Amino acid sequence: MRRDIYNEDHDAFRETVRAFIESQIVPVYDQWLEEGIVPRDFYLKVGELGLFGIEVPEEYGGAGIDSYKFEAVITEEMARAGVSLGGSAAHIPLCLPYLLKHANDEQKQRWLPGMASGELMWAIAMTEPGTGSDLAGMKTTAKLSEDGSHYVLNGAKTFITGGVNADRVIVCARTSAPSETDRRFGITLLVVDTKAEGYAVGRKLDKLGLRTSDTAELSFTDVKVPVEDLLGEENQGFYYLGQHLPRERLSIAVSAYAQAVAAIRFAKDYTTERMVFGKPVASFQNSKFELAACQAQADAMEAVVDRCLEAYDRKELTAADAASAKLFCTEAAADVIDRCLQLHGGYGYMNEYPIARLYADNRVNRIYGGTSEVMRSIIAKNMGL
């Protein structure tokens, strides 16, 4: 059944992305895995192809397409090939919406062309070592200087996707104390130049999966951030985060769905070729039933993802809808990928097989962007519970 959310333009784009992945990423992916990072210069190739500029307005060097569906195509094709573009998962999917909505004209002129070309790679720093999902509890501070020319940033962040390669980081920091009635008040977004004095990249974190993603710890010691790099208004940062978290959660749901579809393909191909007792593994009833059950789950995930993609493009995706999609797709994908790995037998546990890497990569989907427990809380609150 053809997915009716995509048209001929998406199909042509998919062919371009698939060809790029097969020619430029697959041959070097094992090296990226070994090094634990995508080479910084490779992002210039991605920018040259136009993959970073789809949603960037034309006046800043992009295509000016106001739709998330092309980004979804990239996600699906990466999963299909069993690869990823490392830390760039934060660059456009997470950071661009903040600039489009909250940056002023001068800031857009400074930042968006480089974002589209890959010359300026971006990350966003929310999570802190002691706060986890409690973003309102962050301790990083930004104090305005006496002459009002800059903020002085102090604190630390962790689990920052793209933190090693980033040239600019959107940092969430406290500029005011929480109000008596709202502990979320007082958080501000600052765009920080990673070459600024006092800015430091700590450990590149050793993760279970997503091995090509440069996830890092960051620290700030009296970092001077010009007031011209304030993003939006002071003390409104938490509310900005709330506006854009649905997109992040949608992106994770799309990724989980795409990983499940890829796992089914890997398992189907493996069980068709693998011979046991003189017959293909796929010929046994258990294999057929397992794959059929996985396909049914993938079909359900697809329906949820496609509904949310349409809602997002119409500007109608709610926080509860995104939470529901993330919760369902990440939990279902985990089950599908586990069952598909089982069909590989012992070889499914070997990292040389894409199903093993997919199993490790998928696990974090139920943690980042808000844990499954947080998603359940959002959904329950929306139900009036």
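Everything here concerns the structure above.
Residues numbered from 1 in each chain as written. Predicted model: local features only at pLDDT ≥ 70, side-chain atom pairs only at ≥ 80, totals over all residues. Heavy atoms only, no water.

### Examining the overall build of the chain
For step 1, the next point in the chain: Looking only at helices and strands, the chain features 11 helices and 10 strands.
For step 2, the next point in the chain: Referenced to the eigenvectors of the C-alpha coordinate spread, the extents of the chain come out at roughly 80 × 50 × 40 Å.
For step 3, the next point in the chain: Counting over 385 residues, the chain shows a buried share of 52%.
For step 4, the next point in the chain: At a minimum sequence separation of 6, the contacts of the chain that also span at least 24 residues come to 75%.
For step 5, the next point in the chain: Total accessible area computed for the chain in this model is approximately 17,800 Å², and 52% of it derives from carbon and sulfur atoms. (Helix = DSSP H or I, 4+ residues; strand = E, 2+ residues; numbered from the N terminus. Buried < 20%, exposed > 50% of the residue type's maximum accessible area, 1.4 Å probe, protein only. Contact = heavy atoms within 4.5 Å. Areas by Shrake-Rupley, 256 points an atom, 1.4 Å probe, with all protein chains shown as cover.)

### Thoughts on the pairing of strand β5 (residues 187-193)
For step 1, the next point in the chain: Within β5, 6 of the 7 residues are buried, leaving the element largely enclosed by the surrounding structure.
For step 2, the next point in the chain: As judged from the 7 bridges shared by strand β4 (residues 168-174) and β5, these two strands associate in the antiparallel manner. Directly across from Ile-170, in β5, lies its bridge partner Val-191.
For step 3, the next point in the chain: With 2 bridges joining them, β5 and strand β8 (residues 230-231) adopt antiparallel strand pairing. Residue pairing across strands places Leu-189 opposite Leu-231, the latter belonging to β8. (Pairing = 2+ DSSP bridges.)

### Overview of helix α8 (residues 285-313)
For step 1, the next point in the chain: Look at α8: 42 Å from first C-alpha to last across 29 residues, which is about the 42 Å you get at 1.5 Å a residue.
For step 2, the next point in the chain: Against α4 (69-81), α7 (237-273) and α9 (319-343) lie the buried residues of α8. (Expected span 1.5 Å × (residues − 1).)

### Digging into unusual backbone geometry
For step 1, the next point in the chain: A positive phi is found at Phe-277, a non-glycine position, where the angle reads about 55°.
For step 2, the next point in the chain: On the secondary structure map, Phe-277 appears in the loop between β9 (275-276) and β10 (279-280).
For step 3, the next point in the chain: Its identity is not glycine, yet Lys-315 carries a phi of approximately 65°, on the positive side.

### Describing the nonpolar core
It is characteristic of soluble globular proteins that their nonpolar side chains tend to be buried jointly.
For step 1, the next point in the chain: Ile-25, Tyr-98, Trp-122, Ile-170, Leu-231 and Leu-309 are the most contacted members of the largest nonpolar core, which totals 92 residues.
For step 2, the next point in the chain: For this core, the element with the highest residue contribution is α7, accounting for 16 residues.
For step 3, the next point in the chain: Not counting chain neighbours up to four residues away, the residues in contact with Trp-122 comprise Ala-90, His-91, Cys-95, Leu-99, Trp-111, Met-115, Ala-166, Arg-168, Ile-170 and Val-191.
For step 4, the next point in the chain: If you look at the next biggest cluster of nonpolar residues, it comprises 18 residues, including Ala-142, Tyr-151, Ile-160 and Phe-220. (Core = buried A, V, L, I, M, F, W, Y, C linked by side-chain atoms within 4.5 Å.)

Without other data, these values stay purely geometric and don't point to any function.
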